2 protein chains.
Amino acid sequence: MSSKIEEQVKRFYELVKKIKSYNEAINVMYWDLRTGAPKNGVEGRSEVIGMLSSEVFQMKTSSVMEQLLNQLSKHEEELDQITQKSVHLLKKELYRDKKIPKDKYQEYVVLVSNAESVWEEAKKKNDFSLFKPYLEKIVKFNQEFIELWGYEGNKYNALLDQYEPGMTVEQLDPIFKDLKDALVPLIQKVAKAAPVDTSFLKKEYDPHQQKELCQFILRKMGYDFEAGRLDETVHPFQITLNRGDARVTTKFEKNDLTTALFGTMHEGGHAQYEQNISKDLEKTPLAEGSSMGIHESQSRFWENMIGRNSLFWDAYYEYLVSYFPEQLGNIPKEDFYRAVNEMKPSLIRTEADELTYNFHIMIRYEIEKGLINGTIKVEELPTIWKEKMQEYLGIVPNTDAEGVLQDVHWSGGMIGYFPTYALGNIYAAQFYHQLKLELPNFNELLQKGDLIPIKNWLDDKIHRFGKAKTPNELLKDVTHESLNAKYLIEYLTEKVKDIYQV
Amino acid sequence: MSSKIEEQVKRFYELVKKIKSYNEAINVMYWDLRTGAPKNGVEGRSEVIGMLSSEVFQMKTSSVMEQLLNQLSKHEEELDQITQKSVHLLKKELYRDKKIPKDKYQEYVVLVSNAESVWEEAKKKNDFSLFKPYLEKIVKFNQEFIELWGYEGNKYNALLDQYEPGMTVEQLDPIFKDLKDALVPLIQKVAKAAPVDTSFLKKEYDPHQQKELCQFILRKMGYDFEAGRLDETVHPFQITLNRGDARVTTKFEKNDLTTALFGTMHEGGHAQYEQNISKDLEKTPLAEGSSMGIHESQSRFWENMIGRNSLFWDAYYEYLVSYFPEQLGNIPKEDFYRAVNEMKPSLIRTEADELTYNFHIMIRYEIEKGLINGTIKVEELPTIWKEKMQEYLGIVPNTDAEGVLQDVHWSGGMIGYFPTYALGNIYAAQFYHQLKLELPNFNELLQKGDLIPIKNWLDDKIHRFGKAKTPNELLKDVTHESLNAKYLIEYLTEKVKDIYQV
């Protein structure tokens with residue numbers, strides 16, 4: 001490497017470090033806001049977060065950054081691979097951001113920031129008409145952005161790519177079709193089967209006990225409490241502050257054991273990913289998950305493939321009962337296992353089971369595609385929502401609050417994000433299949449409760465690479481296959497058989 | 001105001017806002033580090049704090065700031081009073097900072113950052129020689145800074161002024177002498193009196209119960225939990241993040257009721273000050289305490305004048321016993337009151353009682369003056385420390401760890417800070433005297449446990465003014481007297497009589 005390039009590489013990483021530092025500050029403040037910051041400080045704190053976020057945006061799109069990226073791109077062959085990929089990533093983001101005129105972007109930021117409060121009110125009042133003009137503007141802005149960015153194939157691809165690099169409508173449509181074709185009959189079978197008793201899950205479960213239990217399970221998953229912590233919040237999330245600090249939050253419901261239990265395993269899966277990204281990537285922009293979908297695959301894997309696995313409860317059910325002898329003392333493990341795997345069409349996405357969840361996503365995906373391509377109008381959404389719910393899940397919400405207004409995403413401008421949830425399920429099933437091939441004693445390990453070899457496999461195959469591999473590369477390298485719904489379909493078919501004997 | 005000046009005032013407050021935002025981010029991260037951040041994230045977090053702190057330093061000393069301050073100073077008569085004072089304050093800080101060459105300052109920052117770790121080790125190993133070279137350099141730097149800044153009267157005044165604006169050796173020396181002359185005989189009296197039984201304070205006190213009790217007392221003090229929170233930490237502190245978020249931390253000792261109880265009242269006093277600074281000052285640099293000493297007066301007031309007051313326990317002792325019936329059920333209130341007021345020479349400043357505490361400060365003050373003026377050498381400190389402990393308190397530490405190495409301040413370059421602790425006691429006694437004159441039903445209120453009129457008086461006379469009044473102005477306006485030890489001496493004389501009947 002020439003000394004001039006060396007100097008530029010150094011300056012590049014200094015700038016990256018500065019950006020990462022600001023992001024760390026922003027994330028600490030965000031975490032704090034969501035885990036007990038006092039009410040009267042929220043407004044001021046939000047302003048500070050906004051101010052630092054705009055500093056980050058300025059650094060990322062600054063002429064200094066642009067020049068460095070261009071210079072380094074010109075001498076790509078002199079750069080090590082990690083630096084090459086880092087430059088490529090930030091350049092992509094830079095040109096994406098720069099294509100939008102500053103004024104227009106500013107206008108959009110104000111719009112979505114207001115839209116979120118309006119959405120909240122609309123949901124509370126169950127009045128879609130309040131939110132409608134905002135969503136119309138958000139869709140219009142996104143359509144304009146897509147034209148400015150440019151796109152290949154379907155316009156919606158430009159939005160998808162933000163969250164799932166490389167993903168396209170052309171790739172997703174047939175996969176979602178396969179999934180739909182296979183799962184609709186499953187749902188019908190379940191509907192006819194005898195229902196599962198879940199009443200004992202709704203008894204009173206002491207939150208302190210729940211917390212201890214969640215800490216225990218996180219430890220068993222290999223979550224490192226010296227590099228993270230568990231806190232309570234209203235809408236659980238995982239957040240990474242720096243390489244030594246990947247935090248989990250959860251929600252303890254007094255009358256529901258499963259929210260915290262599986263929610264913690266879910267967020268713990270995200271955190272495990274973050275805790276095990278290779279130290280080599282620490283100073284680079286690659287020290288994060290490959291994509292939203294891959295990230296979600298890790299959380300879904302722990303929540304469902306492990307947490308809702310009969311073998312897992314062979315190992316830990318007795319321990320669970322020791323925490324809650326009154327509530328679970330006379331419930332056999334098998335009944336507990338069936339209860340936590342209840343499958344039943346429901347209105348709210350975040351409460352949906354493994355089987356029906358994917359339909360909640362498909363509905364949103366179809367609506368988003370339609371909105372962006374101009375085949376669906378915002379004003380039609382309440383009607384379309386009900387039609388699709390009827391078509392896919394056979395139930396219809398009585399209110400828009402429980403229907404089209406239930407999720408926050410669109411109000412924040414996040415169109416194109418929902419598919420990553422279903423992709424998470426699909427990836428997870430593909431990885432799970434491969435894991436079982438490569439760890440032939442998987443069943444035995446799980447039944448003993450020894451989760452560490454499972455974690456190590458994930459670390460080795462997925463986590464350590466961070467964003468240095470794209471989702472497609474990762475999938476290919478780990479499973480030797482490309483994206484497909486086959487394994488998720490197999491997995492769910494088997495699960496349905498196991499739980500409902502159909 | 002001319003439109004040009006108006007524009008500059010606007011720009012000035014924008015810059016102030018930016019600095020305050022960065023400080024908020026820094027303070028949230030600091031709070032997080034001290035209340036449970038995981039071990040592995042600490043190093044990275046400290047770097048981020050360092051980076052943002054140096055950005056703050058750059059903004060405060062930037063040429064933009066300098067030009068704005070100079071322009072506004074030239075048109076002082078056009079500015080409102082708050083802006084005048086804000087400009088004056090930041091200008092003073094700017095010129096102070098600018099007088100130190102950048103390289104020299106950088107060198108000093110590195111020195112004190114290393115010195116703190118070395119001090120820690122020296123204390124742990126009880127080896128002053130490790131710390132000696134660092135302290136020598138720190139003293140030398142401070143001597144150089146003083147020459148660069150300039151000073152009037154004693155050199156040490158330049159350091160004092162950083163923490164207690166306007167305070168001088170010339171003012172302090174006679175006051176500390178009065179204090180010493182009056183308190184030495186008191187200590188001798190107490191030494192001869194029958195000791196107080198404190199054994200029941202060292203029983204086992206459940207930390208969860210302690211926490212609830214502390215929350216209860218904070219509420220009674222008028223602390224607003226919608227604008228703050230209470231958390232556990234190792235070395236308790238109060239920290240303000242923004243106007244709606246002034247936090248308290250405390251430490252729950254399993255075998256000591258008083259640490260958390262009085263520690264929380266102490267930090268709660270600081271927080272109450274912060275929560276009640278006038279909203280008019282929010283956007284200015286004046287939205288903080290008048291000085292370290294005035295701040296300390298508020299914490300000491302609540303900790304001692306209220307918390308260790310017999311009347312306060314008339315109101316709340318029964319309630320306290322209801323938390324700890326086993327530990328305190330057969331202890332009469334009078335015995336409890338005497339126990340929490342035990343006076344006894346001890347080695348560690350932070351554990352000292354109201355009476356002996358001031359001597360710990362005087363010892364440090366005399367040593368600091370000597371170091372800065374060159375009449376004491378660092379190498380002599382272990383010996384001098386023991387001599388002064390013998391002289392003032394009649395006891396001598398066996399180790400330097402329990403002696404000259406006990407406090408962190410010097411390792412961080414904080415020379416000139418200690419006197420503000422004793423000033424806090426002196427101010428508190430002066431305010432307390434005045435409060436009782438102006439609230440003639442004070443005894444009755446306290447005995448009923450109605451603390452709100454007391455809080456309101458403090459808010460009205462002290463808190464709301466923030467830094468818009470200097471310590472001297474505040475003292476004059478509130479008490480119509482200047483700084484004097486008379487009321488502290490009276491207060492302590494009475495307390496000694498009350499507790500020891502001598």
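Everything numeric in this text was worked out from a predicted model, so none of it was measured.

A.B. asks: Kindly report on the overall build of chain A, identifying the contributing residues and their values.
C.D. replies: A count of helical and extended segments in chain A gives 21 helices and three strands. By principal-axis analysis of the C-alpha atoms, chain A measures approximately 70 × 50 × 50 Å. Considering chain A as a whole, with its 502 residues, one finds that 56% of them fall into the buried category. The long-range share in chain A, meaning contacts at least 24 apart out of those at least 6 apart in sequence, stands at 73%. Entry remark: accessible area of chain A is about 21,400 Å², with carbon and sulfur atoms responsible for 49%.

A.B. asks: Outline the packing of aromatic side chains, listing residues and values.
C.D. replies: One pass over the full model with this rule turns up 61 aromatic pairs over all chains. On the basis of an interplanar angle of 35° and a centroid distance of 5.6 Å, the ring pair of Phe-359 of chain A and Tyr-392 of chain A is categorised as tilted. Placement of Phe-359 of chain A in helix H15 (residues 354–373) and of Tyr-392 of chain A in helix H16 (residues 381–393) is noted, with a sequence separation of 33 residues between them. Comparing Phe-359 of chain A with Tyr-392 of chain A shows no difference in burial state: the two are buried. Cluster of aromatic residues (ring-pair linked, three or more members): Tyr-205, Phe-216, Phe-312, Trp-313, Tyr-316, Tyr-317, Tyr-319, Tyr-323, Phe-324 and Phe-336 of chain A. Stacked on the ring of Phe-418 of chain A, the Lys or Arg Arg-364 of chain A has its end atom at 5.3 Å from the ring centre. Note that Arg-247 of chain B overlies the ring of Trp-31 of chain B, its terminal NZ or CZ placed 4.4 Å from the centroid.

A.B. asks: So what about a negative patch on the surface? Which residues, and what values?
C.D. replies: Residue and element names in this part refer to chain A. On the surface, a cluster of negative charge is made up of Asp-197, Glu-334, Asp-335, Glu-490, Glu-494 and Asp-498. Contributions of two or more residues to the negative patch are made by helix H14 (333–339) and helix H21 (486–500). Ranked by residues supplied to the negative patch, first place goes to H21 with three residues. Structurally, Asp-197 can be placed in the loop between helix H8 (169–192) and helix H9 (207–220). By relative accessible area, which is 46% here, Asp-197 ends up partly exposed.

A.B. asks: Please provide a residue-by-residue account of the relation of the copies chain A and chain B, values included.
C.D. replies: Least-squares fitting of chain A to chain B yields an RMSD of 0.0 Å, with the superposition described by an axial translation of 0.0 Å and a rotation of 180°. Such values leave the two copies arranged in the relation of a two-fold axis. Of every C-alpha in chain A, the one belonging to Ala-25 of chain A sits nearest the axis of rotation, 3.0 Å from it. Both copies share a contact surface, since 100% of the interface residues of chain A are interface residues in chain B too.

A.B. asks: Hey, could you go over the sheet that holds strand E2 (residues 238–242) of chain B for me, with residue numbers and the actual values?
C.D. replies: Residue and element names in this part refer to chain B. Judged by pairing direction, the sheet is mixed, and its three strands sit side by side in the order E1-E3-E2 without closing on themselves. With one partner strand each, in any of the chains shown, strand E1 (230–232) and E2 form the two edges of the open sheet. Across this sheet, the average inter-strand angle for adjacent strands is 30°, counted without regard to direction. In terms of strand pairing, E1 meets strand E3 (residues 245–250) through three bridges, oriented parallel. Within E3, the position partnered with Glu-232 by the bridge is Thr-250. Across the sheet, helix H1 (residues 3–34) touches E1, E2 and E3, and the angle it forms with E2 is around 140°.

A.B. asks: Before we move on, could you go through helix H19 (residues 452–461) of chain A and cite the residues and values that matter?
C.D. replies: Where H19 of chain A is concerned, the buried positions are Ile-454, Lys-455, Trp-457, Leu-458 and Asp-459 of chain A. Close packing links the buried residues of H19 of chain A with helix H10 (257–275), helix H11 (292–306), helix H17 (419–438), helix H18 (442–448) and helix H20 (471–479) of chain A.

A.B. asks: Before we move on, could you go through the UniProt feature "coiled-coil region" (unreviewed entry) in chain A and cite the residues and values that matter?
C.D. replies: Within the UniProt annotation, "coiled-coil region" (unreviewed entry) is assigned to residues 65–92 of chain A. Split by type, residues 65–92 of chain A is 79% helix and 0% strand. Its first and last C-alpha atoms lie 12 Å apart.

A.B. asks: Describe the side chain of Thr-198 of chain B, naming the residues involved and giving the relevant values.
C.D. replies: Residues and elements named next belong to chain B. Structurally, the position occupied by Thr-198 is in the loop between helix H8 (169–192) and helix H9 (207–220). On the basis of relative accessibility, which here comes to 17%, the residue Thr-198 falls in the buried class. Apart from residues lying up to four places away in sequence, Thr-198 is in contact with Ala-339 and Glu-342.

A.B. asks: Describe unusual backbone geometry, and please don't skip the residues or the numbers.
C.D. replies: Residues and elements named next belong to chain B. A positive phi angle, near 50°, is found at Asn-126, a position not held by glycine. Considering the arrangement of structural elements, one finds Asn-126 in the loop between helix H5 (102–125) and helix H6 (128–149). Judged by its relative accessible area of 34%, Asn-126 falls in the partly exposed class. Here the phi dihedral of His-480 falls at roughly 60°; this positive angle occurs in a residue that is not glycine. Its place among the elements puts His-480 in the loop between helix H20 (471–479) and helix H21 (486–500). Given a relative accessible area of 60%, His-480 falls into the exposed group.

A.B. asks: Tell me what's going on with the packing of H17 of chain A against H19 of chain A, and back it up with residues and numbers.
C.D. replies: Residues and elements named next belong to chain A. Look at H17 against H19: their axes get within 11 Å of each other, and the N-to-C directions meet at 115°. When the axis of H17 is compared with that of H19, the two are roughly perpendicular. Classified by chirality, the crossing of H19 by H17 is right-handed. In this structure, H17 contributes Phe-431, Gln-434, Leu-435 and Glu-438 to the contact, and H19 contributes Ile-454, Trp-457 and Lys-461. Looking at the contact of H17 with H19 residue by residue, the classes come out as four nonpolar, one polar and two charged.

A.B. asks: Can you explain the UniProt feature "active site" (unreviewed entry) in chain A? Please cite residues and give values.
C.D. replies: Residues and elements named next belong to chain A. Taking the UniProt record as the reference, the feature "active site" (unreviewed entry) is found at Glu-267. Take Glu-267: it is sitting in helix H10. Discounting residues that sit within four places of it in the chain, Glu-267 has contacts with Pro-236, Phe-237, Gln-238, Val-248 and Thr-249. At 3.2 Å, the side chain of Glu-267 and the backbone nitrogen of Gln-238 are in polar contact.

A.B. asks: Requested: an account of the pairing of E3 of chain B, with residues and values cited.
C.D. replies: All names here are of chain B. Most of E3 is tucked away: six of the six residues are buried. With four bridges joining them, E2 and E3 adopt antiparallel strand pairing. When the bridges of E3 are listed, Gln-238 appears paired with Val-248. What sits between E2 and E3 in their antiparallel hairpin is a turn of two residues.

A.B. asks: Please set out the domain arrangement of chain A residue by residue, giving values where relevant.
C.D. replies: Residues and elements named next belong to chain A. You can read the domains of chain A as domain 1 (3–98) and domain 2 (199–346 + 430–484). Across the contact, 15 residues belong to domain 1 and 22 residues belong to domain 2. Both sides of the domain 1 and domain 2 interface together cover about 1,600 Å² of buried area, and 68% of this is carbon and sulfur. Counting across the domain 1 and domain 2 interface gives zero salt bridges. Counting across the interface, domain 1 meets domain 2 through six residue pairs in polar contact (both at pLDDT 80 or more).

A.B. asks: Describe the interface of chain A and chain B, naming the residues involved and giving the relevant values.
C.D. replies: Taken together, the contact between chain A and chain B spans 35 residues of the former and 35 residues of the latter. Our enumeration of links across chain A and chain B arrives at twelve salt bridges. The shortest N-O distance in the salt bridge between Glu-47 of chain A and Lys-17 of chain B comes to 2.8 Å. Scanning the region where chain A abuts chain B turns up 25 residue pairs in polar contact (both at pLDDT 80 or more). Elements with a minimum of two residues in the side of chain A that touches chain B: helix H1 (3–34), helix H2 (42–60), strand E2 (238–242) and strand E3 (245–250) of chain A. Sort the elements by how many residues they give to the side of chain A that touches chain B and H1 of chain A lands first, with ten residues. Split by residue class, the side of chain A that touches chain B holds 13 nonpolar, nine polar and 13 charged.

Conventions used here
- Residues numbered from 1 in each chain as written.
- Chains lettered and ligands numbered in written order.
- Predicted model: local features only at pLDDT ≥ 70, side-chain atom pairs only at ≥ 80, totals over all residues.
- Heavy atoms only, no water.
- Helix = DSSP H or I, 4+ residues; strand = E, 2+ residues; numbered from the N terminus.
- Buried < 20%, exposed > 50% of the residue type's maximum accessible area, 1.4 Å probe, protein only.
- Contact = heavy atoms within 4.5 Å.
- Areas by Shrake-Rupley, 256 points an atom, 1.4 Å probe, with all protein chains shown as cover.
- Phe/Tyr/Trp six-rings, centres within 6.5 Å; stacked < 30°, edge-to-face > 60°.
- Lys NZ or Arg CZ within 6 Å of the ring centre and 35° of its normal.
- Patch = residues over 30% accessible without salt bridge, like charges linked within 9 Å, V, L, I, M, F, W, Y side chains within 5 Å.
- Salt bridge = Lys/Arg side-chain N within 4 Å of Asp/Glu carboxyl O.
- Lys, Arg positive; Asp, Glu negative; His and termini not counted.
- Charge placed at Lys NZ, Arg CZ, Asp CG, Glu CD.
- Least-squares fit on C-alpha atoms with pLDDT ≥ 70 in both.
- Pairing = 2+ DSSP bridges.
- Axes fitted to C-alpha atoms, helices over the stretch in contact; angles between N-to-C directions.
- UniProt positions renumbered as here; feature names shortened; annotations may be inferred.
- Parallel < 35°, antiparallel > 145°, perpendicular 65-115°, else oblique.
- Left-handed = near helix turned anticlockwise from the far one by under 90°.
- Nonpolar A, V, L, I, M, F, W, Y, C, P; charged D, E, K, R; others polar.
- Polar contact = N/O pair within 3.5 Å; in protein donor to acceptor, adjacent residues only side chain to side chain.
- Domains from an automatic or database assignment.
- Buried area = accessible area lost by both parts, 1.4 Å probe.

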